[in-house]
Every structure is written in structure tokens, then in C-alpha cells.
Amino acid sequence: MTSCPNYLSFLISEFTSVSKEEIKRKLVIKNNELNLSNAKEKRKISDFIVGIDKLLVNIEMNGKYYEWLFVRNDAYLGKIEGESLNSGNDYSTLYSFLQINLNNFTYFKGNDSALEFVYTDKKSKQIETEKVKKYHISLPKLAKKYYNGARLSKLEKALLILKVDKISDLEKLGKGDNDLMEAVGRIKEASLDINTIGLYDADLERERIENGIRSVSFKAGIEQGSTKERISIISAMLNNGMSQEEVTRMTGIPIKEVKAIKL
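Figured I'd write up the structure that's included with this text. (Residues numbered from 1 in each chain as written. Predicted model: local features only at pLDDT ≥ 70, side-chain atom pairs only at ≥ 80, totals over all residues. Heavy atoms only, no water.)

## Examining the overall build of the protein
For clarity, the threshold we go by: Secondary structure counts use DSSP, requiring at least four H or I residues in a row for a helix and at least two E residues in a row for a strand, with both numbered from the N terminus. Exposure classes here rest on a 1.4 Å probe applied to the protein chains alone. A residue is buried below 20% of its type maximum, exposed above 50%, and partly exposed in between. Any two residues whose heavy atoms approach within 4.5 Å at even a single point are treated as in contact. Using the Shrake-Rupley algorithm and a 1.4 Å probe, accessible areas are obtained, with residue cover drawn only from the displayed protein chains.
Along the protein, the regular secondary structure elements total 12 helices and eight strands. Residue burial in the protein is summarised as follows: out of 263 residues, 42% are buried. Residue pairs at least 24 apart in sequence account for 52% of intrachain contacts in the protein once pairs closer than 6 positions are excluded. Accessible area for the protein stands at about 15,100 Å²; split by element, carbon and sulfur atoms hold 50% of it.

## Let's talk about the packing of helix α11 (residues 244-251) against helix α12 (residues 255-262)
To characterise two packed helices, one gives the angle between the axes of the helices and the distance between these axes. What counts, and what does not: Interaxial angle, 0 to 180 degrees, is taken between N-to-C directions of lines fitted to C-alpha atoms, where a helix line uses only the stretch in contact. For this classification, under 35 degrees means roughly parallel, over 145 means roughly antiparallel, 65 to 115 means roughly perpendicular, and everything else is oblique. Handedness of a crossing follows from how the near helix is turned relative to the far one, being left-handed for an anticlockwise turn of less than a right angle and right-handed for a clockwise one. Note that Gly is not counted as nonpolar here; it falls among the polar residues with everything else outside the nonpolar set of Ala, Val, Leu, Ile, Met, Phe, Trp, Tyr, Cys and Pro and the charged set of Asp, Glu, Lys and Arg.
Where α11 meets α12, the closest approach of the two axes is 9 Å, and the angle between their N-to-C directions is 125°. Judged on the interaxial angle alone, α12 and α11 are oblique. Between α11 and α12 the crossing geometry is right-handed. Across the interface between the two elements, Gln244, Glu245, Val247 and Thr248 of α11 pack against Ile255, Val258, Lys259 and Lys262 of α12. Along the lines of polarity and charge, the residues of the contact of α11 with α12 split into three nonpolar, two polar and three charged.

## A few points about unusual backbone geometry
Positive phi, close to 55°, is recorded for Asp53, a residue that is not glycine. The exposure class of Asp53 is partly exposed, given its relative accessible area of 48%. Despite not being glycine, Lys125 has its phi angle at roughly 65°, a positive value. In this fold, Lys125 is placed in the loop between β7 (114-120) and β8 (127-138). Overall, Lys125 belongs to the exposed group, its relative accessible area being 58%.

Written out as C-alpha cells, the structure reads:
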């Protein structure tokens, strides 16, 4: 996120009334470790917090659902709200708060992949305030829509980039759009980095890459690994959409050997 300012600015603009250009100009990355209010309080670490003027945006990546997940994320949001209420501020200077939950699971009913939540009365549906707002995005629902051949909006493509695990799908989703290709390029780099590989990958094939690379390390290490390890890693990279030239560049293995393994 931090290394993709155009992608991040577009993403936030789609959930707010602030333009992409204004967000990019005013965006400030905040610390994701929230301050302790007292000595007994446990440390709270959110995934990502940015500020745009008087708007604070908390982006949470939720890999799996468990009973207290939403309560935990509410606690993060409440902590951010509380820290903004400094005693020296008058109410006209208070922040608005937005939390975007990117869920790699399906929890809410219905076909909508994006749901917006504000504080409302259960019976009358009257809104108490729109100063605090949450979105829940179901990445699996977006993936289902994509694989069924449905037409996707730019926002849906931007979100789905965080879900798909094949390079070919990444490039297809980002094709022709500079904002999206910025994120695609960074994800590809991160996925091939020995220190981050596996963070963006969902299937067992990528886990095999991760285990193989960690066991022999890239370039010099891969050359010292066993033939079986070399074949396993290179085959997995090719099967996940990398070209023979990219494999050679990343691993140092001669393209002749890469071609032989592909065959």
C-alpha cells in the first residue's frame, strides 16, 4: 500500500467523497501501532492507517473469520476515535473515521460483495452519525464474479488484485490502467521476494514455492539446492504465470535449463 500511492489514493477515493488527486496530495501514512491509554491496556496493532485532512482511514486485511474478529476491529476503530478526541480540540475539529475491511471469507448473506455500515436505529433505520463508517468487502464473492466472466468495475478489479494468486490474472485485471498496474507490479515483486513470498498467495502451489525458496534461498542458494528442489521451484513459478525469462532473471538458472524443465 505505502509503495503504491496512485493505487491507494484511487482505492480510498472510491469509499469517500474525496478526489483521488486530493487524497494523493494530502495523504499521510500513520503508525499502525496504537498508543496505550494506560499501563493495563494491551497493545493494539491495526493493519494500516492513513490520514487525509480530518479523515482517518483504517484498512484491515482479514484472512479468516473467527467469533471475535469484528469486535477486535471495532476496538481498533474505537481506539483511533478516542485518540483523536484531544481535550484541546473543539468539536468542529473532530475527525471522520472510515474502516475498510477486506475479508478473504464470506460472512454476510446476499450477493453484494461490498456492504456499508453506519450507526443506525435497528427499528426505524435512522442514522445516528455518518462520522463513523465501515465497509466490509467479500473478496471471495468478487473472485466468483470474476471467474464467472462478469464485467467488473475498476474498484472491483482494484480489490480483486489483492485476492488472485496467479500472475496472469493479476496482469489481466490491471491491463490498461496505470493505477492498477502500479499495484500489480508491486505485488509481483513482493511475491518473488524471499522475505515476503507467500503473503499474497492462496493455494498450495505457492506454498510449495515458499517452502522451496526458504530452504535453498534465491539465486546462489537455488543453484546449490538439489535437482529435485530446483525443478520443483522453477516448475511452480512457470505454472503460476511467470515467463521463462523472468524465471531466469530471478533465479540465475540458465534459460536452456528452464526451457527443459518446462518441457
